[in-house]
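Commentary on secondary and tertiary structure
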Amino acid sequence: MKSMSMKSLIPMVALATLGATSVASAGHTYSAASCYQYADSSGYCYGNFLAFRSDATTTSYASFRETDAATRSFYARFTVAGATVPSTYTCIPDATVSAMWAQALNARGYFYVSWDASGTCNYLTLNNGSSYATY
């Protein structure tokens with residue numbers, strides 16, 4: 001009986017590995033929308049524009065804005081679970097967040113923005129990716 005050398009096993013191991021690869025998640029989408037404001041008026045909003053637009057309450061939306069006078073703001077309207085009327089959430093970016101405003105104005109994916117008790121946006125993260133492609 002002839003024994004198999006390590007060299008002859010490599011193609012079989014490679015084929016077995018190919019058969020064991022994970023299944024792709026083609027068509028995966030992420031959709032979320034939420035806002036929250038604490039008692040001190042600080043708060044946050046996160047999600048993607050598709051989810052705000054598709055929210056069951058039909059009055060929800062979110063936007064990053066800049067006027068021709070260079071006034072920048074984040075504005076959202078969202079009805080939290082258990083509420084019967086929507087709430088408005090808004091903030092003006094600080095210098096750090098303002099440095100990202102051009103990207104925020106062009107964002108089409110996930111965002112997370114938070115503000116302090118004085119209404120200053122103090123944190124912003126933006127993620128674009130294929131799972132947000134149905135915006």
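Cut-off values and rules
All residue numbers refer to positions counted from 1 along the written sequence of the respective chain. Only residues with pLDDT of at least 70 are given local features in this predicted model, and only at 80 or more are side-chain atom pairs given and counted; all residues enter the totals for whole chains, interfaces and linings. No hydrogens and no water enter the side-chain calculation; it runs on all heavy atoms of the structure. Two strands make a pair as long as DSSP finds a minimum of two bridges between them. The way it works is that DSSP assigns letters per residue, a run of H or I at least four long becomes a helix, a run of E at least two long becomes a strand, and they are numbered from the N terminus. Lines fitted to C-alpha atoms define the axes, with helix axes restricted to the stretch in contact, and inter-axis angles between N-to-C directions lie between 0 and 180 degrees. Salt bridges are counted wherever a side-chain nitrogen of Lys or Arg sits within 4 Å of a carboxyl oxygen of Asp or Glu. Buried means the residue's accessible area, taken with a 1.4 Å probe over protein chains only, is under 20% of the maximum for its type, while exposed means over 50%, and partly exposed covers the values in between.

Our next topic: the sheet that holds strand β1 (residues 33-37). One open sheet holds the seven strands; their spatial order is β1-β2-β6-β7-β5-β4-β3, and the pairing between them is mixed. This sheet does not close on itself; its edge strands, each paired only once, are β1 and β3 (61-66). Neighbour-to-neighbour, the strand axes of this sheet turn through a mean angle of 20°, independent of strand direction. Alignment of β3 against strand β4 (residues 72-78), held across six bridges, turns out to be antiparallel. Across the sheet, the residue bridging to Ser63 is Tyr75, located in β4.

Using the criterion set out here, one finds one salt bridge in the structure. The salt bridge partner of Arg72 is Glu66, with a shortest N-O separation of 3.1 Å. Taking the relative accessible area as the measure of exposure, Arg72 reaches 24% and is therefore partly exposed. Relative accessible area serves as the criterion here: at 35%, Glu66 is assigned to the partly exposed category.

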